[in-house]
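Chain residues, written in single-letter form:
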Amino acid sequence: MKKKVGFVGWRGLVGSVLLNRMIFKKDLSKLNIKFFTTSQVGHNGPKINNTKFGILENAYDLQKLIEMDIILTCQGSEYTKKVYFNLKKLGWTGFWIDASSYLRMHKSAIIVLDPVNYNFIMQSIENGCRTFVGGNCTVSLMLMALGGLFDNNLIKRIFVSTYQAVSGAGSSYIKKLLLEMGVLHNSVKDDLKKNNISILKIESVITSLLKSRNSFRLFNDTPLAGNLIPWIDSDNNDGKSKEEVKGQFETNKILNLKTDEEVIIDSMCVRISTFRCHSQSFLIELNKIINLSEIKSILLNHNKWTEIVDNDKYSTIRYLTPSMVSGTLKILLGRIRFSSFGKSYITVFSIGDQLLWGASEPLRRMLNILIKL
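If you're wondering where the values come from, they're calculated on a predicted model, not measured in any experiment.

1. Quick notes on the pattern of salt bridges
Evaluated as defined, the whole model comprises 14 salt bridges. Linking Glu 361 and Arg 21 is a salt bridge whose minimum nitrogen-to-oxygen distance equals 2.9 Å. Taken together, the residues span a long stretch of sequence, with Glu 361 in helix α12 (residues 356-371) and Arg 21 in helix α1 (residues 13-24) at a distance of 340 residues. Overall, Glu 361 belongs to the buried group, its relative accessible area being 1%. Its salt-bridge partner being Glu 243, residue Lys 246 comes within 3.5 Å of it at the nearest N-O pair. Of this pair, Lys 246 and Glu 243 both sit in helix α8 (residues 242-254), three residues apart, roughly one helical turn. The same class applies to Lys 246 and to Glu 243, which are both buried.

2. Looking at unusual backbone geometry
At Lys 26, a residue that is not glycine, the phi angle is positive and equals roughly 60°. Within the secondary structure, Lys 26 sits in the loop between α1 and β2 (32-37).

3. As for the sheet that holds β2
Spatially, seven strands are ordered β5-β2-β1-β6-β7-β9-β8 in an open sheet, and the strand pairing comes out parallel. The open sheet terminates on both sides in strands that have one partner only, identified here as β5 (57-58) and β8 (109-112). By the bridge criterion, four bridges tie strand β6 (residues 70-73) to strand β7 (residues 95-98) in an arrangement that is parallel. The residue of β7 that forms the bridge with Thr 73 is Asp 98. Helix-sheet contacts for helix α4 (residues 114-126) involve β8 and β9 (131-134), and the interaxial angle to β8 is about 155°.

4. Thoughts on the environment of Phe 53
Secondary-structure assignment places Phe 53 in the loop between β4 (51-52) and β5. Separated by 20 residues in sequence, Phe 53 and Ile 33 place their C-alpha atoms 7.8 Å apart. Other than its neighbours up to four places away in sequence, Phe 53 contacts Leu 28, Ile 33, Phe 35, Pro 46 and Ile 48.

Definitions and limits used
- Residues numbered from 1 in each chain as written.
- Predicted model: local features only at pLDDT ≥ 70, side-chain atom pairs only at ≥ 80, totals over all residues.
- Heavy atoms only, no water.
- Salt bridge = Lys/Arg side-chain N within 4 Å of Asp/Glu carboxyl O.
- Helix = DSSP H or I, 4+ residues; strand = E, 2+ residues; numbered from the N terminus.
- Buried < 20%, exposed > 50% of the residue type's maximum accessible area, 1.4 Å probe, protein only.
- Pairing = 2+ DSSP bridges.
- Contact = heavy atoms within 4.5 Å.
- Axes fitted to C-alpha atoms, helices over the stretch in contact; angles between N-to-C directions.

Here is the structure:
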């Protein structure tokens, strides 16, 4: 019998990517799925491949939700706060799969990334776990990229600089970035047509516009077009952002490491003006010295999505870019070399689509694990 699955938040950015992946992988045929909404109760549900999925149910109706074997939500932390524990109080014993961060560090929840922690997921299900949460996007992408080194206990500590796309902040930011880019272009488009115009004059116009308080500004009055923002998420009150403390806590929870086994991870998280895909630059201290060919082999053999780009100028600028990864499940690794710090340190640069492996794909795969039980 097909399991009853309630899907909440399927119209948002992550939810839309997830639904498209489920359609592409023909997952919907395995489910008795019902679509819920927080704002369009009673409207017609989606029509997918000529199949109608009925009317949209109220996502706050606990009596409707309690009928589900599995609830899959991409609606966000506020929704989870309002619904999850109330549903549990009613005695619901189904499976909860969540894209939001609210339950990640809760003791009853498992952060899921099955190419990395499949055995831990299955062990947790056997032990009665019913709550499964997607990890922070950069953490999941890091573990997909460096999973082989973690599996072989080769990592002592990591410093990572992240370069995170605007879509990581939501679909509205993509639109706003495009508007910013349009305003900047329009301010100098006539000058760009002149052969004898000074590029310094153009730069001066752009810089002046970026420093002014114009209506196209976003990110707390800081423009992103032609700029970057070295702070993501709220202040952790210790000189770090919330985004920067997630790396160590979530990584060690996903890997189910004991306190004396934990890997030290520090980070600097930066928002940049790419549309999709997060990039990360790692400085890794190894537990032992091994040659680069062995390191590359270990990285490649961890999962089938990891690919290595040769560390030369042409290969790097041609292939190791967000535009080459966007919309794919590839995890590209490049710039692999020993650091000037010594042979126990290596550098790695990775890129992955944060809307796929960083958000939706672990949830889709978790759903497929549960429907096979």
